[in-house]
Amino acid sequence: MNTVKTVRELRAAVARARSEGKRIGFVPTMGNLHSGHIALITKATQRVDFVVASIFVNPLQFGAGEDLDKYPRTLAADQQKLLEAGCDLLFAPTVEEMYPDGMTGQTRVSVPQLSEGLCGASRPGHFEGVATVVSKLFNMVQPDLAIFGQKDFQQLAVIRALVHDLNMPIQIIGEPTVRAADGLALSSRNGFLSEEQRAVAPVVYRTLSQIADAIKQGERDFPALINAQIKQLEAAGMRPDYLEIRHALTLRPATAEDRDLVILVAAFLGTTRLIDNLHLNLDTPA
Ligand SMILES: Nc1ncnc2c1ncn2[C@@H]1O[C@H](COP(=O)(O)OP(=O)(O)OP(=O)(O)O)[C@@H](O)[C@H]1O
Ligand SMILES: CC(C)(CO)[C@@H](O)C(=O)[O-]
Ligand code: BAL
């Protein structure tokens, strides 16, 4: 597996693969890779002939006071994992390579409606930063398909919308969330948790599962359900940012009549913000 750091080298390597008739798949990441990321690479190797991954901690999607500076950077270990997973090319640019003229005057891509609320409400500008960098990366790599995790459910919806609205000929694939045995969604930010916090963290997925079970059993008083579960998160020592039931396709607040639902949560454990979600389609047999 080759690692390239410039757009020029990236384009040359992808052009070589294209000239050999290969289909290109792309997995963008921020690095510090775990089994959730590797599942996306494995999926890509099954679908295309040439897999490109990127590692770039994108300053444009971090707000003031967020964890940009302390976000884990583990390039050597990541390269080894990508190699073992069958990745063909890693693009690991610097901030200067991605934003040579700085970020202030950078053209932005914004996806209205889907970017509002949930993580968009607590992280203003976050999805504009994500949509902008993903658009730039898509233009650099020009893949046939790109793979994202369903763990970042709102992000996946935003990216599907931007590809549709900007007529990008890229198939977007969403892959299921990879979890630890106790249910905690794998995330690079789990590494920030102390041993005691790590023991508490599975309450996030338990909360989602209990809400889903109650809905499956016919509960439709969503506000009451949410309020009870927020109390449970708080009792466990978490500080909930949001816990909501939304329509899975539009992300508008769910009504009692909706059948395709997603329960989404973001909650702080100390200073670490964890997100998770559970997709519940009442018309699909369990
Ligand atoms: N547990 C997981 N299962 C499946 N996909 C995942 C998982 N965690 C992250 N991904 C996906 O990997 C891609 C890169 O995500 P990212 O590098 O931000 O990892 P992360 O572990 O989610 O980090 P963070 O701590 O920032 O949430 C995204 O498409 C994301 O949805
Ligand atoms: C898609 C992404 C790589 C854009 O920086 C990031 O938001 C992530 O890792 O989910
Ligand atoms: N996985 C989402 C990237 C972020 O939290 O900035």
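This is a predicted model, so every value here is computed, not measured.

So, how was this worked out
Per chain, the residues get numbers from 1 upward, laid out in the order the sequence is written. Chains carry letters and ligands carry numbers; both start at the beginning, A for chains and 1 for ligands, and go up in the order they are written. Given that the model is predicted, a residue must reach a pLDDT of at least 70 before its local features are reported, and side-chain atom pairs must reach 80 or more before they are shown or counted; all residues, however, enter totals for whole chains, interfaces and linings. Hydrogens and water are ignored here; the side-chain numbers use all heavy atoms of the structure. Each domain's extent was defined by an automatic or database domain assignment. The contact rule is simple, with two residues in contact once any of their heavy atoms fall within 4.5 Å. The term buried area denotes the loss of accessible surface (1.4 Å probe radius) that occurs when two parts are joined, taken as the sum for both partners. When a carboxyl oxygen of Asp or Glu lies within 4 Å of a side-chain nitrogen of Lys or Arg, that pair is called a salt bridge. Polar contacts, as used here, are pairs of N or O atoms within 3.5 Å; protein pairs need one atom able to donate a hydrogen and one able to accept it. Residues neighboring in sequence count only if both atoms are side-chain atoms. By definition, any uninterrupted DSSP run of H or I lasting at least four residues is a helix, any uninterrupted run of E lasting at least two residues is a strand, and each is numbered from the N terminus. Classes in brief: Ala, Val, Leu, Ile, Met, Phe, Trp, Tyr, Cys and Pro nonpolar; Asp, Glu, Lys and Arg charged; the others, Gly included, polar. In this text, near means that some heavy atom of the residue lies within 4 Å of the molecule or strand in question. All accessibility values rest on the Shrake-Rupley procedure with a 1.4 Å probe; residue burial counts only the protein chains present in the view. Nonpolar cores were defined as sets of buried Ala, Val, Leu, Ile, Met, Phe, Trp, Tyr and Cys residues, with membership established by side-chain atoms within 4.5 Å. The rule is simple: take the accessible area with a 1.4 Å probe, protein chains only, and divide by the maximum for that residue type; under 20% is buried, over 50% is exposed, in between is partly exposed. Strands are labelled as partners when DSSP assigns at least two bridges between them. Convention used here: a crossover is right-handed provided that the path from the first strand, over the helix, to the second strand proceeds clockwise when the strands point away from the viewer.

*Asks:* Describe the domain arrangement of the protein, and please don't skip the residues or the numbers.
*Replies:* Its domain assignment divides the protein into domain 1 (2-175) and domain 2 (188-279). The C-alpha-based centres of domain 1 and domain 2 are spaced at 26 Å. Each partner contributes residues to the interface: domain 1 has 20 residues there, and domain 2 has 18 residues. Between domain 1 and domain 2, roughly 1,600 Å² of surface is buried when both sides are summed, and carbon and sulfur atoms account for 58% of that area. Joining domain 1 to domain 2, the criterion identifies one salt bridge. Where Asp67 meets Arg189, a salt bridge forms, and the shortest distance between an N and an O atom there is 2.7 Å. For the pair domain 1 and domain 2, the interface holds six residue pairs in polar contact (both at pLDDT 80 or more). Elements supplying a minimum of two residues to the side of domain 1 that touches domain 2: helix H5 (119-122) and helix H7 (153-165). Counting residues per element, the side of domain 1 that touches domain 2 draws most heavily on H7, at three residues. Looking at the side of domain 1 that touches domain 2 residue by residue, the class counts come to eight nonpolar, seven polar and five charged.

*Asks:* Run through the site of ligand 3, naming residues and quoting values.
*Replies:* The environment of ligand 3 is formed by Met30, Gln61, Arg123, His126, Asp152 and Arg189. Gln61 is positioned such that a nitrogen or oxygen atom in its side chain is 2.9 Å from an oxygen atom of ligand 3. Asp152 is positioned with one of its side-chain polar atoms (N or O) 3.0 Å from a nitrogen atom of ligand 3. When ligand 3 is considered free in solution it has 220 Å² of accessible area, and contact with the protein chains removes 85% of it. A per-class count over the shell around ligand 3 returns one nonpolar, two polar and three charged.

*Asks:* Lay out the nonpolar core with the relevant residues and their values.
*Replies:* Formed by 49 residues in total, the largest nonpolar core has its most connected members in Leu10, Val52, Phe138, Ile159 and Ile172. At the level of elements, helix H1 (7-19), strand E2 (24-29), strand E3 (50-55), strand E4 (89-91), helix H6 (126-141), strand E5 (145-149), H7 and strand E8 (260-269) are the ones that each hand at least two residues to this core. Of the residues forming this core, the biggest block, nine residues, is contributed by H6. Here this core spans two domains, since at least three of its residues come from each of domain 1 (2-175) and domain 2 (188-279). Leave out the neighbours within four places in its chain, and Phe138 touches Phe26, Pro143, Ala146, Phe148, Ile159, Val163, Met168, Ile170 and Ile172. With 27 residues, the next largest nonpolar core counts Val203, Ile226, Leu243 and Ala254 among its residues.

*Asks:* Hey, could you go over the pairing of E5 for me, with residue numbers and the actual values?
*Replies:* Counting buried residues in E5 gives four out of five residues, a clear majority hidden from the surface. Where E2 meets E5, two bridges bridge the pair, whose relative direction is parallel. Bridge pairing in E5 places Gly25 opposite Leu145. Inspection of the sheet shows E5 paired to strand E6 (residues 171-175) by five bridges, in the parallel sense. Bridging from a neighbouring strand, Leu145 pairs with Gln171 of E6. With H7 bridging E5 and the parallel E6, this β-α-β connection has right-handed handedness.

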